[in-house]
Amino acid sequence: MRASAKIFWILGAFLLVVAIGYGIVTGRYEPMGVEPAGFPALLAVAGLAIMIAMGLTLAAKKNDVGPSDDLDAEVSQHGGVQGSFSPYSWAPLWTAIGAALCFLGVAAGWWIFAFGVIIGVYGILTWVLEFSVGQHQH
């Protein structure tokens, strides 16, 4: 985690320098002043990289040294349980179809967006509740 934090600190500082340089160059050579899309976007990306770096730094201080920070660690030490997934679940398909219809609906027509929301909500609820067996069952 410490290595990832260092990478994001370097990335954030680099993007901040690039954003400031981009703002100076466009402010000097653009007839309308500082370019209104690229400069705020670069500042936002730099801010996001710095926020990720801060989060990783705080997490590294709270947790023990992991295998990614140990120079003598093996790749197999980083493995572990990744989660419990149902191999024959239809819920991700319904969720993806709903999301695709929502994106299509924004471009083609709002009535398609409504169908996408309905299908997407069905898919998400199915996905979240597929292992639910009831509150009082044993």
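Here is a short report on the structure shown in this document. Remember, predicted model here, so these are calculated numbers, not experimental data.

### Looking at a nonpolar patch on the surface
- Residues Val117, Val121, Ile124, Leu125, Val128 and Leu129 make up a contiguous nonpolar surface patch of about 530 Å² in total accessible area.
- Mapped onto the elements, isoleucine 124 comes out in helix α4 (residues 110-129).
- Judged by its relative accessible area of 46%, isoleucine 124 is partly exposed.

### Here we look at helix α2 (residues 38-62)
- When the terminal C-alpha atoms of α2 are compared, their 36 Å separation across 25 residues agrees well with the 36 Å that a helix rising 1.5 Å per residue should span.
- Buried residues of α2: Gly38, Ala46, Ala49, Ala53, Leu56 and Ala60, and no others.
- Turning to α2, the residues buried within the fold contact α1 (2-29).

### Considering the environment of tyrosine 88
- Relative to the helices and strands, tyrosine 88 is located in the loop between α2 and α3 (91-108).
- Looking at tyrosine 88, the relative accessible area reads 74%, which means it is exposed.
- The sequence separation of tyrosine 88 and valine 25 amounts to 63 residues, and the corresponding C-alpha distance is 55 Å.

### Let's talk about the packing of α1 against α2
- Following both chains from N to C, one finds α1 and α2 inclined at 160 degrees, their axes separated by 8 Å at the closest point. In terms of orientation, α1 and α2 fall into the roughly antiparallel class. For the pair α1 and α2, the crossing hand works out as left-handed.
- Considered class by class, the residues forming the contact of α1 with α2 number 22 nonpolar, five polar and one charged.

### Re the packing of α3 against α4
- It is the contact of α3 with α4, at a shortest axis distance of 7 Å, that shows an interaxial angle of 160 degrees. In this view, α3 runs roughly antiparallel relative to α4, as classed from their interaxial angle. At the point where α3 passes α4, the crossing takes the left-handed sense. Between α3 and α4, the contacting residues are Ala91, Pro92, Trp94, Thr95, Ile97, Gly98, Leu101, Cys102, Leu104, Gly105, Val106 and Ala108 on the first element and Trp110, Ile112, Phe113, Gly116, Val117, Ile119, Gly120, Tyr122, Gly123, Ile124, Thr126 and Trp127 on the second.
- Across the contact of α3 with α4, the residue classes break down as 17 nonpolar, seven polar and no charged.

How each quantity is defined
- Numbering of residues begins from 1 in every chain and follows the order in which that chain's sequence is written.
- The predicted nature of this model means local features are confined to residues of pLDDT at least 70 and side-chain atom pairs, given and counted, to a pLDDT of 80 or more, with totals for whole chains, interfaces and linings taken over all residues.
- Only hydrogens and water are set aside when side-chain values are computed; all heavy atoms of the structure are taken into account.
- A residue counts toward a patch only above 30% relative accessible area and without a salt bridge, and it is joined to like-charged neighbours within 9 Å or, for Val, Leu, Ile, Met, Phe, Trp and Tyr, to nonpolar neighbours within 5 Å.
- Computed with a 1.4 Å probe, the accessible areas rest on the Shrake-Rupley method; for each residue, only the protein chains presented here act as cover.
- Salt bridge, as applied in this entry: a Lys or Arg side-chain nitrogen positioned within 4 Å of an Asp or Glu carboxyl oxygen.
- Segments assigned H or I by DSSP are reported as helices when at least four residues long, segments assigned E as strands when at least two residues long, and all are numbered from the N terminus.
- Each residue is placed in one exposure class: buried if its accessible area under a 1.4 Å probe, protein chains only, is under 20% of its type's maximum, exposed if it is over 50%, and partly exposed if it falls in between.
- Residue count minus one, scaled by 1.5 Å, sets the expected span of a helix.
- Here, residues are in contact when the closest pair of their heavy atoms is within 4.5 Å.
- Orientation is described by axes fitted as lines to C-alpha atoms, over the contacting stretch for helices, and by angles from 0 to 180 degrees between their N-to-C directions.
- Our angle categories are set so that under 35 degrees counts as roughly parallel, over 145 as roughly antiparallel, 65 to 115 as roughly perpendicular, and the remainder as oblique.
- Whether a crossing is left-handed or right-handed is set by the direction in which the near helix is turned from the far one by less than a right angle, anticlockwise for left-handed and clockwise for right-handed.
- Lys, Arg, Asp and Glu make up the charged group, whereas Ala, Val, Leu, Ile, Met, Phe, Trp, Tyr, Cys and Pro make up the nonpolar group; the residues left over, Gly among them, are polar.

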